[in-house]
Amino acid sequence: MSELDLELLPDGGVSWLDASGPDAHIVLSTRIRLARNLGDTRFTPRATDPERERILERVLDAGRAAAPMADATVFRVDRLSRLERQLLHERHLISKELAGLEDRQGVRHGAALLTNGAMGVMINEEDHLRLQVLHSGFAPGPAYQSMARFERDLGTRVPFAFHREFGYLTSCPTNAGTGLRASVLIHLPGLVLTKEIAKVLQGLTQVGLTFRGLYGEGSEVVGNFFQLSNQTTLGKSDDELLDHLSKIVRQVIAYEEQARDVLRRNAPTVIADKVWRAYGLLRYARSLSFEETMNLLSGVRLGVGLNLIADLSVYTLNKLLIFTQPAHLAQRAERALTDPDLPVIRATYVRKLLEDDAGRRPETGRRA
Amino acid sequence: MTRCEHCGERPASIHLTTIVDNAVTEQHLCEVCAAEKGVQTEASVAKYPLGDFLASMGKGAAAPPATGREAGKCDACGATLQDFRDTGRLGCPRCYLTFEAHLRTLLRRIHGASLHVGEPYVAPLPAGALPAAVPAGPEPALVELRDQLRRAVESEHFELAARLRDQIRAME
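Residues numbered from 1 in each chain as written. Chains lettered and ligands numbered in written order. Predicted model: local features only at pLDDT ≥ 70, side-chain atom pairs only at ≥ 80, totals over all residues.

(A) Representation of the overall build of chain A. The helix and strand tally for chain A stands at twelve helices and ten strands. A compact globule built from 368 residues should have a C-alpha radius of gyration of about 21 Å, and chain A, at 21 Å, falls within 12% of that. Each principal axis of the C-alpha atoms in chain A carries an extent, and together these give about 65 × 45 × 40 Å. Looking at chain A as a whole, 49% of its 368 residues are labelled buried. (Helix = DSSP H or I, 4+ residues; strand = E, 2+ residues; numbered from the N terminus. Rg over C-alpha atoms; globule rule 2.2 N^0.38 Å. Buried ≥ 20, exposed ≤ 12 C-beta atoms within 10 Å, placed from the backbone.)

(B) Looking closely at the overall build of chain B. The secondary structure content of chain B amounts to nine helices and two strands. Of the contacts made within chain B by residues no fewer than 6 positions apart, 32% connect residues no fewer than 24 positions apart. (Contact = placed C-beta atoms within 7 Å.)

(C) Looking closely at the packing of helix α10 (residues 314-323) of chain A against helix α12 (residues 341-360) of chain A. Residue and element names in this part refer to chain A. Taken N-terminus to C-terminus, the directions of α10 and α12 make an angle of 165°; their axes are 11 Å apart at the nearest point. One element, α10, and the other, α12, form an angle in the roughly antiparallel class. With respect to the hand of their crossing, α10 and α12 are arranged in right-handed fashion. Each of Thr-316, Lys-319, Leu-320 and Phe-323 in α10 lies in contact with α12, whose residues at this interface are Tyr-349, Val-350, Leu-353 and Asp-357. (Axes fitted to C-alpha atoms, helices over the stretch in contact; angles between N-to-C directions. Parallel < 35°, antiparallel > 145°, perpendicular 65-115°, else oblique. Left-handed = near helix turned anticlockwise from the far one by under 90°.)

(D) Examining the environment of B:Lys73 more closely. All names here are of chain B. With respect to the helices and strands, the residue Lys-73 is situated in the loop between α4 (68-71) and α5 (81-87). Taking the C-beta count within 10 Å as the criterion, Lys-73 has 16 such neighbours and is therefore assigned partly exposed. Between the C-alpha atoms of Lys-73 and Cys-95, which are 22 residues apart in sequence, the distance is 8.6 Å.

(E) Inspection of the nonpolar core at higher detail. All names here are of chain A. Val-77, Leu-113, Ile-123, Met-147 and Ile-186 are the most contacted members of the largest nonpolar core, which has 95 residues in total. Ranked by residue count, the leading element in this core is helix α7 (residues 238-266), at six residues. Non-local contacts of Leu-113, meaning those with residues more than four positions away in its chain, are made with Phe-75, Val-77, Leu-88, Leu-93, Ile-94, Gly-120 and Met-122. The next biggest cluster of nonpolar side chains, apart from the first, holds 18 residues, and it includes Leu-282, Leu-321, Ala-347 and Val-350. (Core = buried A, V, L, I, M, F, W, Y, C linked by C-beta atoms within 7 Å.)

(F) Looking closely at unusual backbone geometry. Residues and elements named next belong to chain A. Looking along the chain, the bond that leaves Asp-339 and enters Pro-340 is cis, with omega of 0°. Structurally, Pro-340 can be placed in the loop between α11 (326-333) and α12. Unusually for a residue other than glycine, Asn-124 sits at a positive phi of about 65°. Topologically, Asn-124 is positioned in the loop between β4 (119-123) and β5 (129-136). Note on Asn-124: 26 C-beta atoms within 10 Å, which makes it buried. In this model, Glu-334 sits at a positive phi of 60°, which is unusual for a non-glycine residue.

(G) Structural detail: helix α2 (residues 82-90) of chain A. Residue and element names in this part refer to chain A. Here α2 lies mainly inside the structure; seven of its nine residues are buried. Of all the residues in α2, the buried ones are Glu-84, Arg-85, Gln-86, Leu-87, Leu-88, His-89 and Glu-90. Turning to α2, the residues buried within the fold contact β2 (73-76), α3 (96-99), β3 (112-115), α10 and α11.

(H) Here's a closer look at helix α7 (residues 100-111) of chain B. In a regular helix each residue adds 1.5 Å, so twelve residues correspond to 16 Å; α7(B) covers 16 Å between its end C-alpha atoms and thus fits that length. Where α7(B) terminates, the next one or two residues include B:Gly112, which has phi positive at roughly 75°. (Expected span 1.5 Å × (residues − 1).)

(I) Spatial organisation of the confidence of the model for chain A. Looking at chain A as a whole, its pLDDT mean stands at 91, while 95% of the residues score no less than 70. Within the model, pLDDT remains below 50 along residues 363-368 of chain A, and this stretch shows seven contacts once partners closer than five positions in the same chain are excluded. (pLDDT = per-residue confidence, 0-100.)

(J) Spotlight on the sheet that holds strand β10 (residues 225-230) of chain A. Residue and element names in this part refer to chain A. Across the sheet, which stays open at both edges, the eight strands sit in the order β2-β3-β4-β5-β1-β8-β10-β9 with antiparallel pairing between neighbours. With partners counted over all chains shown, the strands left at the sheet margins are β2 and β9 (209-212), one partner each. On average, each strand axis in the sheet is inclined to that of its neighbour by 20°, with strand direction left out of account. For β2 and β3, the ladder comprises four bridges, and the chain directions are antiparallel. (Pairing = 2+ DSSP bridges.)

(K) Summary view of the confidence of the model for chain B. All names here are of chain B. Looking at chain B, the pLDDT average stands at 73 and 65% of residues meet or exceed 70. By mean pLDDT, the top-scoring element of chain B is helix α6 (residues 95-98) (94), and the lowest-scoring one is helix α2 (residues 42-46) (43). Across residues 42-49, confidence stays below pLDDT 50; counting only partners more than four residues off in sequence or on other chains, it has 15 contacts. Low pLDDT, under 50, characterises residues 58-70; the predicted model gives this stretch 15 contacts beyond four residues in sequence or across chains. For this predicted complex, the interface score ipTM comes out at 0.87, alongside a pTM of 0.79.

Laid out in structure tokens, this is it:
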């Protein structure tokens, strides 16, 4: 397959944007990732191209035979253009490494994605298989359950690398053992505005969690979005790792709620002004950088969370997060975009989505 | 995203500001290179003393005694410990056996444990196929005994250690 057609995927592979999950006003998504390797083959980074091709064939055969992937789509990432690869990455369907967007190394031969929209397998990433699933809101349990069934099925079809003492073996020892990385994408403007965030983040590292930006490893924190995940993968069972993460994330959600209460109580005018200015800029600006868009969306999202802006859907805000990125805008415009066109087209798209959302709002039934 | 100044490969996640005689220098390093340079971060102190490990591999000090096999290459993929130092990635599943003692130490330092907790996995064997290239590793009981032996030695309970050692030998 040489052309990227995301229409093949149910909901374009972003059903987790619909904000239907628990605590979706604070937690955008929960992601579960399991790293697995074939026991009889070199790890992808050291494998030859023919070996990677063989890995791909075996994983695809096994994956497509498993129930959840009956109607799944295969994207040969190594045959896509850079823009198409970037699109898949922006959509959180593949990692930056698989997309070959890292500076020095291009896309790897045999890099592919098998996905049914909700759940996918990255093939020939740093590990032979990187299984991942994204759910809306804070839902580690359901996300893990669906993934675990698929993983068990796969494990009966191909031999995973497993060691009785060290568990599942991975290319990098930081993933060995369970191979499990559970992460939540969480929006913490309250903690940032009340300047409590440093304390919270420091606390997280002390209890074995790690935080990153919107796009995982190496990415910057923008728009007050943080990705929290377990730091270690060995010595605790999958359930223990998930329980621990859940407990801590629940606590972080509670801190964020408290911080928002403080803002509401102590600085209602300042906050309302900030929120509405952000909305005004998004609604009427003629040129927007990605970073500015993220920061303004953060303000508006806070406003929706505080019930200051009624009737603006979190779904629209989530969609804006994904579809205002460069490759998505380029795809809509059907041409490569650079400055100064890109920020102008971004602003036009943001205005349109917000206008559409406002147009859908009923005249009556407005919340306070 | 900033790249590590030292290796130029991995993302720089540690931003170090040093002030010596009022001269301020800034360094942007990845976790591995920071650890190699002996930069201690909160994460590295708690979970990531990869530097100690990598340094000990170089000097041969404080590292577990390397067997003949460990000193060389992985016979399945040809990777060496130096390759691992350079890339942070192992070559193949068998590397975990080739460099077992080193990796046990490293895994303990990264994860605070080296013993996997969870259901043991049994790989499928297609009809007529050879057993998987990676032996599944020692029996869990043996692993547990070795762990007890290590703790006994560390806490200087030498009589217990001797008994455990004999038990392990008998099982091996």
